[in-house]
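Listed below are the residues making up each chain.
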Amino acid sequence: MLPRLSRSPLVKRTVYTTFGLSAAYFADTELNASAVTRNLRTLWTCALISADYKLNFKPEHADRIPAIHQRVADRMYDLFTNNGGLYIKIGQAIGANAALMPAPFQQKFARLFDDAPQIPYRTIARVFQREFKKSPQELFAYFDEKAVASASVAQVHKARTWDGEWVAVKVQKPDVGRQIGYDLMAFRAVMWAFEKWVFDLPVYFAVDFISTHLRAELDFIAEASNSQRTASLIASEPRLTGKVHIPKVYPEYSTKRVLTAEWIDGVRLSDRDALAHVVGERVPERSGGMFSDTEHKQRRNGVPENMRDVKLKGGLQAIMHTMIELFSAQMFDWGFVHCDPHPGNIIIRARPATTSSFFSSPWSRSSKPVPRDSQLVLLDHGLYVTIRPTVKRQYASLWRALLTSDWDTIRNVTESWGVGEAGLFASAVLMRPMKMGRKANEPSQHAEKGIGANGTTGDSGVELDAYEQSVRMKERLKRFLVDTDKMPKELIFLGRNMRIVQGNNQSLGSPVNRIKITAYWASRSLVTSNGRIPANIMSPRAWWAQLDARELWRDVVFRAVMFSLDVVFWMSKLRQHARALLGLTNGGFEDELERSVRGFARSAFGVEVGPEAFEG
């Protein structure tokens, strides 16, 4: 029987099929960086998600909808973590804007770290051989074979040049380059299916823009250029010179897949214990924001030896003030914005002394910490967005109009961008609830749909169930994105930057009034961009001379509003200190804004926004 069975066509086909699939899997894994396997996993997961929503998202199954959201969030999280690489970047982009997504998505994506096991040194050596025709030991006087940090796209090694300078060598993982074409193709297909078939929401319009920038992030020559350009812009801005440092790039040790830059010793913004040590003040225990990952091993580097006897002047307030000024200058003056300012990409150190450092002398040490000015070091310059001059001016005008209740300007800007919900957009920009004043013949947004202010329907006061909440949110979002062809795609990454910076400030207990600092830069850029004298060399008298009567009045109104905002901010600080003295749960200005945004989301969308959504 066995010989006859072995000759049967079924067995032969089974053996051939098994052998063929095994060979294909081996070839895909070893030669193609598992690109096909990853795509099949993506398509399978998205098919399950689509079927789940199509079959179960119905009014009669409203009580099952939270379970659907949980299943989908789990599947997406598992897909991103299993595929790794570019999928982590895409997942983080979703997570940074998860505030209006169901609670399971907020919780899952808040824990999506951009890290991965480091690849073995022999693989790194092959990259160097391909890029430089030399091994790392030949190129550098010293090269640490063990990476000091490893993310999904690259890992970093510490090395020393033959001139004796310590450098950080960022090496792209070889699989990423082979996977990106397949990954972006899958991303495009999934977004098209979600827009056209599953959710009927405009999500595909941004695919080309996002794909272009994600692909550019893998070009380390472009990253080096971004870094050098930012360093040059900072050097030309007196308000930032010395306060911000961009690590020097070594072009002779850099290629498209290897980037070598100055090694920086300092404290990462995400390391709360080390930060508390160098600023000499207590970092809030838990204020939401970006510190949900502080226990993560790559986020905790401790205090370097050269900062153990240092106390940074100005504390947390000086650090955050510098950070917000830096990104405000990028948005409103330079139009060249770093889009990934999460705490792991920011190092705080003492500003280097202009003369020989006294730390080198043993008799210069004392038992008391030495006060030094702080300096913010910005890392990872792969993801930048260039803002067109027209959009930059519109964005600055929008910021000033939002704070002076200039409803006509707000409507004009949002309508020119194809945005149908000006109030919702205003709230997203400021990261605080905004109620638009409406024209005499314009109905309220709630009355338009018979929706009560507390997320109830009409006069009955009946709360919306999960199905009705989801439908309501979908309708509101469709009214928000009226004409996606008009919307400046830069806003996608601008919003990401603003969201992460807001989270950084919140994490440190809101030491500064973020909205005020940002708005001042916006207003100042509008005034000085009209003048003949460059803003960075303009004297106060010349600055006033450039103002016409209309701009002068607008500036007076703006400053009055800023004064009232300052009053609100300092009242918040007083409440924060009083609660701390009483041993109660503490929270700063950004936490109060967070609570307002959560109430706004509940009122406008019927969505419960958990604190995880505010962890960047």
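Residues numbered from 1 in each chain as written. Predicted model: local features only at pLDDT ≥ 70, side-chain atom pairs only at ≥ 80, totals over all residues. Heavy atoms only, no water.

Caption draft 1: Main features of the overall build of the protein. In terms of regular secondary structure, the protein is built from 23 helices and 15 strands. For the protein, long-range pairs separated by at least 24 residues make up 72% of all intrachain contacts whose partners lie at least 6 apart in sequence. As presented, the protein carries roughly 29,500 Å² of accessible surface, and 57% of it is formed by carbon and sulfur atoms. (Helix = DSSP H or I, 4+ residues; strand = E, 2+ residues; numbered from the N terminus. Contact = heavy atoms within 4.5 Å. Areas by Shrake-Rupley, 256 points an atom, 1.4 Å probe, with all protein chains shown as cover.)

Caption draft 2: Expanded view of helix α3 (residues 35–56). For α3, with 22 residues, the first-to-last C-alpha span of 32 Å sits near the 32 Å given by 1.5 Å per residue. Of the positions making up α3, those classed as buried are Ala 35, Arg 38, Asn 39, Thr 42, Thr 45, Cys 46, Ile 49, Ser 50, Asp 52 and Tyr 53. All buried residues of α3 lie within an arc of 160 degrees about the axis, which places them on one face of the element. For α3, the exposed residues set more than 90 degrees away from the buried face come down to Leu 40, Trp 44 and Leu 55. (Expected span 1.5 Å × (residues − 1). Buried < 20%, exposed > 50% of the residue type's maximum accessible area, 1.4 Å probe, protein only. Arc of directions from axis to C-beta.)

Caption draft 3: Just the pattern of salt bridges, in detail. The final tally for this structure, using the stated rule, is 14 salt bridges. A salt bridge links Asp 52 to Arg 71; the nearest nitrogen and oxygen atoms lie 2.8 Å apart. Residue Asp 52 is found in helix α3, and its partner Arg 71 is found in helix α4 (residues 65–83); the two are separated by 19 residues along the sequence. You can call Asp 52 buried: its relative accessible area is 6%. (Salt bridge = Lys/Arg side-chain N within 4 Å of Asp/Glu carboxyl O.)

Caption draft 4: Representation of the environment of Gly 242 in the model. Tracing the chain through its elements places Gly 242 in the loop between α11 (220–235) and β5 (244–245). Judged by its relative accessible area of 23%, Gly 242 is partly exposed. With 109 residues separating them in the primary sequence, Gly 242 and Arg 351 have C-alpha atoms 7.2 Å apart. If sequence neighbours within four positions are ignored, Gly 242 has contacts with Arg 351 and Gln 375.

Caption draft 5: Seen up close, the nonpolar core. Counting 74 residues, the largest nonpolar core has Leu 275, Leu 326, Tyr 395, Trp 399 and Trp 417 as its most contacted members. Of all the elements, helix α13 (residues 315–334) adds the most residues to this core, at eleven residues. Counting residues in each nonpolar core, the second largest holds 33 residues, with Phe 80, Ile 90, Ala 186 and Leu 214 among its members. (Core = buried A, V, L, I, M, F, W, Y, C linked by side-chain atoms within 4.5 Å.)

Caption draft 6: Local environment of the environment of Thr 322. You can see Thr 322 is positioned in helix α13. As a C-alpha pair, Thr 322 and Val 244 span 78 residues in sequence and 7.6 Å in three-dimensional space. If near-sequence neighbours (up to four positions away) are discounted, Thr 322 is found in contact with Leu 240, Lys 243, Val 244 and Leu 376.

Caption draft 7: Fine view of the pairing of strand β3 (residues 154–160). Bridge count for strand β1 (residues 142–143) against β3 is two bridges, and the pairing is antiparallel. The residue bridging Phe 143 from the neighbouring strand is Ala 159, located in β3. Both strand β2 (residues 149–150) and β3 contribute to a ladder of two bridges, which runs antiparallel. Across the sheet, residue Ala 149 finds its bridge partner in β3, namely Val 156. With antiparallel pairing between neighbouring strands as the criterion, β2 and β3 make up a hairpin whose turn holds three residues. Relative to strand β4 (residues 166–172), β3 runs antiparallel, the two being bridged by seven bridges. Residue Val 156 lies in a different strand from β4, and its bridge partner there is Lys 170. (Pairing = 2+ DSSP bridges.)

Caption draft 8: Molecular detail of the sheet that holds strand β10 (residues 346–350). Reading across the sheet, the four strands line up as β5-β12-β10-β7 and stay open at both edges, with mixed pairing between neighbours. Each edge of the open sheet is held by one strand with a lone partner, namely β5 and β7 (267–268). Sheet topology places β5 next to strand β12 (residues 374–378); two bridges connect them, and they run parallel. Paired with His 245 across the bridge in β12 is Val 377. Sheet strands in contact with α13 are β5, β10 and β12, and its direction is about 45 degrees off that of β12. (Axes fitted to C-alpha atoms, helices over the stretch in contact; angles between N-to-C directions.)

Caption draft 9: Layout of the packing of aromatic side chains. Taken as a whole and judged by the stated rule, the model has 13 aromatic pairs. Ring centres of Phe 128 and Phe 143 lie 5.5 Å apart, and the angle between their planes is 75 degrees; this geometry places the pair in the edge-to-face category. Residue Phe 128 is found in helix α7 (residues 121–132), and its partner Phe 143 is found in strand β1; the two are separated by 15 residues along the sequence. Taken individually, Phe 128 and Phe 143 each receive the classification buried, so the pair is uniform in this respect. Between Phe 332 and Tyr 395, the aromatic rings sit 5.8 Å apart at their centres with planes inclined by 25 degrees, giving stacked as the arrangement. With Phe 332 in helix α13 and Tyr 395 in helix α14 (residues 389–404), this residue pair connects regions lying 63 residues apart in the sequence. (Phe/Tyr/Trp six-rings, centres within 6.5 Å; stacked < 30°, edge-to-face > 60°.)

Caption draft 10: Highlighting the packing of α13 against α14. Relative orientation of the contacting elements α13 and α14 amounts to 120 degrees, with a least axis distance of 8 Å. Classified by the angle between their axes, α13 and α14 sit oblique to one another. Contact residues: Met 331, Phe 332, Asp 333 and Trp 334 in α13; Lys 392, Tyr 395, Ala 396 and Trp 399 in α14. Of the residues belonging to the contact of α13 with α14, the class tally is six nonpolar, no polar and two charged. (Parallel < 35°, antiparallel > 145°, perpendicular 65-115°, else oblique. Nonpolar A, V, L, I, M, F, W, Y, C, P; charged D, E, K, R; others polar.)

Caption draft 11: Highlighting the packing of helix α9 (residues 174–198) against helix α10 (residues 207–216). One can describe the packing of α9 onto α10 by two numbers: an axis separation of 11 Å at closest approach and a directional angle of 160 degrees. As summarised for this structure, α9 and α10 are arranged roughly antiparallel, according to the angle between their axes. The chirality of how α9 crosses α10 is right-handed. Taking contact as the criterion, the partners of Ile 180, Gly 181, Leu 184, Phe 187, Arg 188 and Met 191 in α9 are, on α10, Val 207, Asp 208, Ile 210, Ser 211, Leu 214 and Arg 215. (Left-handed = near helix turned anticlockwise from the far one by under 90°.)

Caption draft 12: Region of interest: unusual backbone geometry. Here the phi dihedral of Asp 380 falls at roughly 55 degrees; this positive angle occurs in a residue that is not glycine. Within the secondary structure layout, Asp 380 lies in the loop between β12 and β13 (384–386). On the basis of relative accessible area, Asp 380 is assigned to the partly exposed category, the value being 21%. At Ser 510, a position not held by glycine, the phi torsion is positive, near 55 degrees. As for its placement among the helices and strands, Ser 510 is situated in the loop between α19 (490–507) and α20 (514–528). Take Ser 510: its relative accessible area is 0%, and that puts it in the buried class.

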